[in-house]
Amino acid sequence: MSVQKEFSKYANQYNSYNIIQQLVAKALVRDIKNKPKNILELGCGSGQIYKNISWNVDSYTAIDFSKEMCDLHPKNKNTTVSCYSFDSKDFLNFIKDKKFDLVLSSSALQWSKDLKKIIKALSYVSNEINAVLFTSNTFRTIQNISDKKSPILDIESIKEAFSLYYNCTFDIYSYNLEFSNKRELFDYIKKSGVSGESNLSFKEAKHLFKTYSLNYLEFEVVFIKAIKL
């Protein structure tokens, strides 16, 4: 199942399962000091970032590839929510000739098929990006057991893409999320939007369920502050 279909399928349950996403979104907003008035957000989901912004904005442009997620995002006269994949030509055309004080993105850009291309496009519309991305070390033990490569970008690829067009600081953090039983743990994987088992066969998934002995899931995220070169 594609990433887009995964997010859309569980959109109505997403806020119950995106615990780590909510934590990092709150931290991302907390570190914004200059209270920008004109903001672009990539991968807005159901509004994790937006709900943490406490100051008045003149314009908030929120983008997500899931219509179901866009439908859940808060809306008002200063907020525009549009359904685009940030990898698409339609999105690049949408932001062309626009200007933003700040670009925000939380738990989304790690899914990009061409992160360099996106960052290059953003460099024309904003001098500043604040983002947090999951890295390929998320669900590391699951990858080791299943012998499957993570679908998420690795930290070096992320650093390279941003550093081509911006001066950046990268802060990497690891989190463990504990569960009371294995069924809850695997249910979280399926519905959280950071799936590490989407490319497993039934047999492989069954083996993973039997073999995985930890009572927690591992996450690694990188916080990025980028100022245009």
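The structure this text deals with has already been given above.
(A) Just the overall build of the protein chain, in detail. Within the protein chain, the regular secondary structure consists of 10 helices and 7 strands. For the protein chain, with 229 residues in total, the buried portion stands at 49%.

(B) Inspection of the pairing of strand S4 (residues 102–106) at higher detail. Across the 5 residues that make up S4, a large majority, 5, are buried. Of the two faces of S4, both are covered, the one formed by Leu 102, Leu 104 and Ser 106 as well as the one formed by Val 103 and Ser 105. In this fold, the crossover linking S4 to strand S5 (residues 128–134) by way of helix H6 (residues 115–123) has right-handed handedness.

(C) Representation of the nonpolar core in the model. Ranked by internal contacts, the top residues of the largest apolar core, which has 37 residues, are Ile 49, Ile 53, Tyr 60, Leu 104, Leu 217 and Phe 219. Secondary-structure elements contributing two or more residues to this core are helix H3 (19–30), strand S2 (59–64), S4, S5, helix H9 (182–191) and strand S7 (216–228). The element that contributes the greatest number of residues to this core is H3, accounting for 6 residues. Apart from the residues within four sequence positions on either side, Leu 217 is in contact with Phe 139, Ile 142, Tyr 175, Asn 176, Leu 177, Phe 179, Leu 185, Tyr 188, Ile 189 and Tyr 212. With 28 residues, the next largest nonpolar core counts Phe 91, Leu 109, Ala 121 and Leu 133 among its residues.

(D) Spotlight on the sheet that holds strand S1 (residues 38–42). If you trace the 7 strands from one edge of the open sheet to the other, you get S3-S2-S1-S4-S5-S7-S6, paired in mixed fashion. Both outer strands of the open sheet, strand S3 (79–83) and strand S6 (166–178), are each paired with one neighbouring strand and no more. Pairs of neighbouring strands in the sheet enclose a mean axial angle of 15°, with direction left out of account. Looking at chain direction, S6 and S7 are connected through 13 bridges and run antiparallel. Across the sheet, residue Asn 176 finds its bridge partner in S7, namely Glu 218. Seen against the sheet, helix H8 (residues 155–163) touches S5, S6 and S7 and runs at an angle of roughly 150° to S6. Those strands touched by H9 are S6 and S7, and its axis lies near 30° from that of S7.

(E) Local environment of the packing of H6 against H8. Axis separation between H6 and H8 bottoms out at 8 Å; the angle between their running directions is 30°. With respect to their mutual orientation, H6 and H8 come out roughly parallel. The chirality of how H6 crosses H8 is right-handed. Here Leu 115, Lys 116 and Ile 119 of H6 come into contact with H8, specifically with Ile 158, Glu 160, Ala 161 and Phe 162. Classifying every residue of the contact of H6 with H8 gives 5 nonpolar, no polar and 2 charged.

(F) Just the packing of H9 against helix H10 (residues 202–211), in detail. At a minimum axis distance of 11 Å, the contact between H9 and H10 shows a crossing angle of 135°. It follows from the interaxial angle that H9 and H10 lie oblique. Between H9 and H10 lies a crossing of right-handed hand. Contacts between H9 and H10 pair Lys 182, Arg 183 and Phe 186 from the former with Leu 208, Phe 209 and Lys 210 from the latter. Partitioning the contact of H9 with H10 into residue classes produces 3 nonpolar, no polar and 3 charged.

(G) The arrangement of the pattern of salt bridges in detail. Per the stated rule, a full pass over the model turns up 4 salt bridges. Lys 67 is the salt-bridge partner of Asp 71, the closest N and O atoms lying 3.1 Å from each other. In this pair, Asp 71 and Lys 67 both sit in helix H4 (residues 67–72), 4 residues apart, roughly one turn of the helix. Linking Arg 140 and Glu 218 is a salt bridge whose minimum nitrogen-to-oxygen distance equals 3.7 Å. Taken together, the residues span a long stretch of sequence, with Arg 140 in helix H7 (residues 140–146) and Glu 218 in strand S7 at a distance of 78 residues.

Criteria and cut-off values
Residues numbered from 1 in each chain as written. Predicted model: local features only at pLDDT ≥ 70, side-chain atom pairs only at ≥ 80, totals over all residues. Heavy atoms only, no water. Helix = DSSP H or I, 4+ residues; strand = E, 2+ residues; numbered from the N terminus. Buried < 20%, exposed > 50% of the residue type's maximum accessible area, 1.4 Å probe, protein only. Right-handed = clockwise from strand over helix to strand, strands pointing away. Core = buried A, V, L, I, M, F, W, Y, C linked by side-chain atoms within 4.5 Å. Contact = heavy atoms within 4.5 Å. Pairing = 2+ DSSP bridges. Axes fitted to C-alpha atoms, helices over the stretch in contact; angles between N-to-C directions. Parallel < 35°, antiparallel > 145°, perpendicular 65-115°, else oblique. Left-handed = near helix turned anticlockwise from the far one by under 90°. Nonpolar A, V, L, I, M, F, W, Y, C, P; charged D, E, K, R; others polar. Salt bridge = Lys/Arg side-chain N within 4 Å of Asp/Glu carboxyl O.

These results come straight from atomic positions and should not be treated as a statement about function.
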